[in-house]
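Observations on the three-dimensional arrangement
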Amino acid sequence: MTILDGKKISNDIKNEITAEVKKMKERGEKVPHLAAVIVGNDGASLTYVGSKVRSCERVGFESTMVRMSNTTSEVELLDKIEELNENPEIDGFIIQLPLPPQIDTRKVLMAVHPDKDVDGFHPTNFGKMALDMSTFIPATPFGILELLDRYGVETKGKHTVVIGRSHIVGRPMSILMGRKGFPGNSTVTLTHSHTKNITQITSQADIIISALGVPKFLKAEMVKDDAVIIDVGITRVPDETKEKGYYITGDVDFENVSKKASYITPVPGGVGPMTIAMLLKNTLLARERHML
Ligand code: NAP
């Protein structure tokens, strides 16, 4: 069994990006600049945005964190997005989700200019991805592709089962694994909460990508021998014995499933760090495109 070490690979990617940025600086070019907008005070969101900003600093990017209060109106947020769309200093920006209930998330994501949409959530970019055109691939699926690629995990002709159909992970993952090329050329089954007999489906899978957010959902008896297991889930489980008052767990019963798997991602240290690395990669791509 091989651990797909997202922490190590993401570090390699960050080092590669750092080298690119150094060259940009030497040529006297402007370095990539990522902005992150956060509305409200959600603890997990603040942690995620904080680590995105720190990663920017590490690779030599400029970064801007835009903090807005929990009572921000939809119009105020749309105005801020317009400002970022028009600011030539900013190469790409993200709107940290979830947003407070008074704001229509779909409307907000539609307002981000596709050329600055480094999360790859805008319908233009999602459509391009589905049509195999060059675009920003959403960071988490992009990170999973990169892990499979760097470990040389064969995907051609394999049966890939994706659990969860969210617009940010499961749905794009199912499209990407089925597209022509590597990683891809898989036969894909996309499952969700209405899927019947899910064990029957997962136990036929060569590759399982689990993104539902239910701790230890995927058990050893749901997995065949030598399957490749990608665990996207991140759930905070309350635990008073821990310093933070919780621990992080994935969707996979790692202890038992890892005994059967050929490759497996740990949580933490698997897909999570890859997501941030690929956001940086998309920002670098945005910078390069804006220079053309
Ligand atoms: P989401 O929007 O909450 O969607 C969950 C999906 O799982 C839905 O499609 C749902 O089906 C499906 N589902 C729920 N219960 C199910 C069941 N019993 N059997 C089969 N499918 C079921 O999910 P998300 O935003 O993609 O996040 C999923 C997990 O990944 C979360 O733990 C999240 O924190 C984590 N995540 C991690 C990263 C990372 O960087 N590692 C990035 C993003 C998300 P329906 O569509 O029918 O409701």
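The structure reproduced in this document is the subject of the present report. Because the structure is predicted, anything quoted here is derived from the model rather than measured.

With that out of the way, let us pick up the overall build of the protein chain. A tally of regular secondary structure across the protein chain gives 10 helices and 11 strands. The C-alpha radius of gyration of the protein chain comes to 19 Å, within 12% of the 19 Å expected for a compact globule of 292 residues. With respect to the principal axes defined by its C-alpha atoms, the protein chain has extents near 50 × 40 × 35 Å. For the protein chain, buried positions account for 48% of its 292 residues.

Any empty space left between the atoms is revealed when a probe the size of a water molecule rolls over them. Scanning the model with the defined rule gives one cavity of 30 Å³ or more in all. In this structure, the largest cavity occupies an estimated 50 Å³ of space. Together, F93, I94, I95, L109, V112, D117, D119, F121 and H122 line the largest cavity. By residue number, the principal contributor to the lining of the largest cavity is strand β4 (residues 92–95), which donates three residues.

Structurally, A130 can be placed in helix α5 (residues 123–130). Under the relative-accessibility criterion, A130 is labelled partly exposed at 41%. Along the chain, A130 and R179 lie 49 residues apart, while their C-alpha atoms are 8.2 Å from each other.

Taking 1.5 Å as the rise per residue, helix α6 (residues 139–150) with 12 residues should run 16 Å; its terminal C-alpha atoms sit 16 Å apart, in good agreement. With 10 of its 12 residues buried, α6 lies for the most part within the structure. What α6 keeps buried is the set A139, T140, P141, F142, G143, I144, L145, E146, L147 and L148. Here the buried face of α6 lies against α1 (6–26), α7 (170–178), β7 (207–210), β8 (228–231) and α10 (271–291). Where α6 terminates, the next one or two residues include G152, which has phi positive at roughly 60°.

Below, the discussion takes up the pairing of strand β2 (residues 33–39). Burial analysis of β2 places seven of its seven residues in the buried class, which makes it a mostly covered element. Burial along β2 is two-sided: H33, A35, V37 and V39 facing one way and L34, A36 and I38 facing the other are all buried. Pairing analysis gives seven bridges linking β2 to strand β3 (residues 62–68), with the strands arranged parallel. Each residue of the ladder has a partner; that of V37, found in β3, is V66. In this region the chain leaves β2, passes through helix α2 (residues 43–59) and returns to the parallel neighbour β3; the handedness of that crossover is right-handed.

One finds I17, F61, I144, I209, I230 and V232 to be the most contacted residues of the largest nonpolar core, which totals 46 residues. The set of elements that each furnish at least two residues to this core consists of α1, β2, α2, α6, α7, β7, β8 and α10. No other element matches the eight residues that α10 contributes to this core. Residues contacting F61, with those up to four places away along its chain left out, are I17, V21, V31, P32, C56, L280, T283 and L284.

Conventions and cut-offs
Residues numbered from 1 in each chain as written. Predicted model: local features only at pLDDT ≥ 70, side-chain atom pairs only at ≥ 80, totals over all residues. Heavy atoms only, no water. Helix = DSSP H or I, 4+ residues; strand = E, 2+ residues; numbered from the N terminus. Rg over C-alpha atoms; globule rule 2.2 N^0.38 Å. Buried < 20%, exposed > 50% of the residue type's maximum accessible area, 1.4 Å probe, protein only. 1 Å grid on protein atoms, 1.4 Å probe; cavity = no way out; pocket = protein on both sides within 12 Å on 5 of 7 lines; lining within 4 Å. Points joined across faces, edges and corners; volume = space filled by probe spheres on them. Expected span 1.5 Å × (residues − 1). Contact = heavy atoms within 4.5 Å. Pairing = 2+ DSSP bridges. Right-handed = clockwise from strand over helix to strand, strands pointing away. Core = buried A, V, L, I, M, F, W, Y, C linked by side-chain atoms within 4.5 Å.

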